[in-house]
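Now for the letters of each chain:
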Amino acid sequence: MNGVGSVRELEKETDKESPLHSMDGRIKLILLIFIIVYAVFSTQLLVMIFLEIYLLLLIWISNVSFKTTVTRVLLLLPFGGFIILFQPFIHPGNIIWTGPIFGITMTDAGLMWAALLMSRLIVALTSIVLLSSISPMQEVVESFRKLGMPREFAMIFSLMIRFLFMFYDELHRISHAQKARCFDAFNKNLPYKWRMKQLGYTVAMMFLRAYEQGETIYLSMASRGFSDKSKLYHDKKKKIGSREYIFIATTIGLVACLQILAMFLFHQWGFVGMNIV
Amino acid sequence: MHIPDGFIPLWQCAIYYVILIVALYFSLNWARKNLDEKAVPLMAVLAAGIFAIMSMNMPIPFGTSGHMVGGALVAIVFCAPEAAVIVFTLVLLVQGLFFGDGGITALGANVLNMGIIGGVVGLYTFKGLRKPIGKYPAIAIAAWLSIFLAAEAVAVEMWLAGTFPLVQGLAAMGIYHAFIGIIEAVLTVVVILALEKLRPDLLAWNKNKNLGEQKPEPSEVAAK
């Protein structure tokens, strides 16, 4: 999980100016999720390579730092990477290597499957990093609302985003106070039971403050005329212009071309073009 | 426990999304019927709080670390698994969309594991064991079981997806999360003990009791 630093850095990236930053939030959301869905659907490495090149091009256009993007993708890889690591050894296929102990074997099909999963993961994570770097969180919520998310749910979602930053600050403060008192949850010189008790109280405090903050917020909202029919998000009217149409045409055109090539041409290009199942 | 994008085929993701939509429909109906108008801000702030709690790394015996999930905690506090579904859909949506923690296509599966299975197993284990073994042991077992079974559900989903063999998956996820579950159990008990002590009115099973409106000030709570 990411800490307060990444939440703040994320919002800083969205303040930059670029053709992609100023685009309608719905278009960015739909198209980047569309790329993820297509990556999950596709079974060819070559398709993933082209999708990743396209995403890197979009990152360049959007002035988002390549270093930050690569660092974030690399930090997120271990979540799925652990499962991918085992694939060459558990997937049935032709044995290409036998280990010296425990009869471990590596198969060609397992290796290809691992490569496909890894490339899918990289494409999906690059899309997410790009989306979160060019769209402020509130813009994504508004986009969801405009796309038909139920009103109550969109309202809870919008409020949650607003208080996310507050809770990270709260957690940061608690953590600072604990460090100032030389408390380290990973210090093995302290009894484990005692460390867990202290962490438990920290979680309880977070939980209590969340509740109490919820009540305070409700009272202040009610005093300003809040009701269950109130709108908590700004319905900014953004017109879908030529930039949006170009982005839609390019992305859908690329995916359509890739699919046609995947069906008729890529399979002739060796292992990068073969269908991995 | 967060399944990333690409590990589950699209047609299976669609099935998990259908489960998510049905669960969310019933959960939002439950929220409208059973919670007062405070529910909207309360759910939102609680989701933000759970999000922050999930980012805290905790030490696990034998040198590794993990984080609390909180599905059983939310379901037990509200005495309703629907609360866990709403809170976890929000938390996992934000984690998936902005932090790449758990996939967008796998959102349905992740909510099924942590929100639906976590909440249902947590609450009903607690309800079932509360009388025979007592409230706090029941909470501990419920929280442990909610994590353990949610992890085993991940192993089953990965097997159905053709990504990981069933027996090895069940063993690996089961052993690792049996330890993570200890943290979940201890912390869930500590949190509910603290709530019972400081704000008993917030616990669903105390709603009908006359607690004498003894709500302490936040500063008083912090001092404790």
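Details of the structure are given in the entry above.
Before going into details, it helps to say that this report is about the structure given with it. Worth saying up front: this structure is predicted, and the values here are computed from it rather than measured. (Residues numbered from 1 in each chain as written. Chains lettered and ligands numbered in written order. Predicted model: local features only at pLDDT ≥ 70, side-chain atom pairs only at ≥ 80, totals over all residues. Heavy atoms only, no water.)

## A word on the overall build of chain A
Scanning chain A from N- to C-terminus turns up nine helices and two strands. For chain A, the sequential pattern of α-helices and β-strands runs α-α-α-α-β-β-α-α-α-α-α. Burial status across chain A gives 48% buried among its 277 residues. Residue pairs at least 24 apart in sequence account for 74% of intrachain contacts in chain A once pairs closer than 6 positions are excluded. In the structure as shown, chain A presents an accessible area of about 14000 Å², 67% of it carried by carbon and sulfur atoms. (Helix = DSSP H or I, 4+ residues; strand = E, 2+ residues; numbered from the N terminus. Buried < 20%, exposed > 50% of the residue type's maximum accessible area, 1.4 Å probe, protein only. Contact = heavy atoms within 4.5 Å. Areas by Shrake-Rupley, 256 points an atom, 1.4 Å probe, with all protein chains shown as cover.)

## Quick notes on the overall build of chain B
Scanning chain B from N- to C-terminus turns up eight helices and two strands. Residue burial in chain B is summarised as follows: out of 224 residues, 61% are buried. With an accessible surface of roughly 8300 Å², chain B has 66% of that area assigned to carbon and sulfur atoms.

## Details of the pattern of salt bridges
Residue and element names in this part refer to chain A. One pass over the full model with this rule turns up four salt bridges over all chains. A salt bridge links Arg-26 to Asp-24; the shortest N-O distance between them is 3.1 Å. What makes Asp-24 buried here is its relative accessible area of 2%. (Salt bridge = Lys/Arg side-chain N within 4 Å of Asp/Glu carboxyl O.)

## Describing the pairing of strand E1 (residues 95–98) of chain A
All names here are of chain A. One ladder, built from three bridges, connects E1 with strand E2 (residues 105–107); its direction is antiparallel. Bridged to Ile-95 within E2 is Thr-107. Taken together, E1 and the strand that follows it, E2, pair antiparallel across an intervening segment of six residues, in which Phe-102 is found at a positive phi of about 55 degrees. (Pairing = 2+ DSSP bridges.)

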